[in-house]
Amino acid sequence: MKRTLAAATIALSAMALSGCGFTPLYARPGVEGGLSSIEAVSSEGRAGYLLREALDDALAHHQGTQPAYRLTYWISERRFPRGVRLDNVANRYELQMTVTWRLIDAKTAAEVHKGVTPVSVTYDSADQPYAAIAAQEDGQQRAATEAARRIQLDLAAWLAGKAPA
């Protein structure tokens, strides 16, 4: 009974959305192909590398093809102690990563779009030194992945609003 009700609800929701003119972002012409034609140019450091890897995955960039756009970015990271034990030692941290980026047309070298993407993640720090380093690196990886997802959504919305070529 519950499955039938859930299936009916999903079917009615889909019909209602299609009836009101809803179009998924990736169904618009030029969005998917536009995203895959963006090449991310890595910035310095571990965070820059992690973000480039996450952007390559998020944008589905085709290696070896001539990019239509180049995405350049700069990363600013700040770490704050947020949780403190009774002995006044921090055991929880907040990592704030801010990515300032520019999308540049590969043919004309003109800036076509830009943005600032802030991301904040928290992580626990253990007493063991290796575990603390691993937790910090995991937090940095999660921040880079989230920043890539937000940049991907911003670029997809920009491409969807842009007139098809």
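What comes next is a walk through the structure. Please read these numbers as outputs of a predicted model, since none were measured by experiment.

Concerning the sheet that holds strand β4 (residues 111–124)
Next up, step 1: Read from one edge of the open sheet, 4 strands run β1-β2-β3-β4, paired in mixed fashion. What marks the edges here is a single partner per strand, and that holds for β1 (38–41) and β4. Averaged over all pairs of adjacent strands, the angle between strand axes in this sheet comes to 25°, irrespective of strand direction.
Next up, step 2: Here 13 bridges tie strand β3 (residues 90–105) to β4, and the two strands are oriented antiparallel to one another. In the sheet register, Arg92 faces β4, and the bridge partner there is Asp124.
Next up, step 3: Against the sheet, helix α3 (residues 45–59) engages β1, β2 (69–84) and β3, with an angle of about 120° to β2.
Next up, step 4: Its contacts with the sheet put helix α4 (residues 129–161) on β1, β2, β3 and β4, and the angle it makes with β4 is roughly 150°.

Looking at the nonpolar core
Next up, step 1: In terms of nonpolar packing, the biggest core is built from 32 residues, with Ile38, Leu51, Leu55, Leu71, Val99 and Leu155 touching the most fellow members.
Next up, step 2: Mapped onto this core, the elements with two or more residues apiece are β1, α3, β2, β3, β4 and α4.
Next up, step 3: Among residues more than four places away in sequence, those in contact with Ile38 are Leu59, His61, Tyr69, Leu71, Leu103 and Leu155.

Brief notes about the packing of α3 against α4
Next up, step 1: Close contact between α3 and α4 brings their axes to 8 Å; oriented N to C, the two are set at 45°. Classified by the angle between their axes, α3 and α4 sit oblique to one another. The way α3 lies across α4 gives a crossing that is right-handed. On the side of α3, the interface is formed by Arg46, Ala47, Leu50, Leu51, Ala54, Leu55, Ala58 and Leu59, while α4 contributes Glu137, Gln140, Gln141, Ala144, Thr145, Ala147, Ala148, Ile151, Gln152 and Leu155.

Section: the environment of Pro81
Next up, step 1: Inspection of the secondary structure puts Pro81 in strand β2.
Next up, step 2: Taking the relative accessible area as the measure of exposure, Pro81 reaches 47% and is therefore partly exposed.
Next up, step 3: Between the C-alpha atom of Pro81 and that of Thr122, which follows or precedes it by 41 residues, the distance is 9.5 Å.
Next up, step 4: Other than its neighbours up to four places away in sequence, Pro81 contacts Ala90, Arg92 and Tyr93.

Some points on the pattern of salt bridges
Next up, step 1: Using the criterion set out here, one finds 9 salt bridges in the structure.
Next up, step 2: Between Arg142 and Asp138 there is a salt bridge, with its nearest N and O atoms 3.2 Å apart. With Arg142 and Asp138 both in helix α4, this residue pair falls 4 residues apart, about one helical turn.
Next up, step 3: Accessibility expressed as a relative area gives 34% for Arg142, which makes it partly exposed.
Next up, step 4: Through salt bridges with shared partners, a single network forms among Arg52, Glu53 and Asp56.

Quick notes on α3
Next up, step 1: In this model α3 runs 21 Å from its N-terminal to its C-terminal C-alpha over 15 residues, within 8% of the 21 Å that 1.5 Å per residue would give.
Next up, step 2: Along α3, the positions that sit buried rather than exposed are Ala47, Gly48, Leu50, Leu51, Ala54, Leu55, Asp56 and Leu59.
Next up, step 3: Directly beyond the C-terminal end of α3, a positive phi value near 55° is found at Ala60.

Rules of the game
- Residues numbered from 1 in each chain as written.
- Predicted model: local features only at pLDDT ≥ 70, side-chain atom pairs only at ≥ 80, totals over all residues.
- Heavy atoms only, no water.
- Pairing = 2+ DSSP bridges.
- Helix = DSSP H or I, 4+ residues; strand = E, 2+ residues; numbered from the N terminus.
- Axes fitted to C-alpha atoms, helices over the stretch in contact; angles between N-to-C directions.
- Contact = heavy atoms within 4.5 Å.
- Core = buried A, V, L, I, M, F, W, Y, C linked by side-chain atoms within 4.5 Å.
- Buried < 20%, exposed > 50% of the residue type's maximum accessible area, 1.4 Å probe, protein only.
- Parallel < 35°, antiparallel > 145°, perpendicular 65-115°, else oblique.
- Left-handed = near helix turned anticlockwise from the far one by under 90°.
- Salt bridge = Lys/Arg side-chain N within 4 Å of Asp/Glu carboxyl O.
- Expected span 1.5 Å × (residues − 1).

Functional significance is not addressed by these values, which are geometric in nature.
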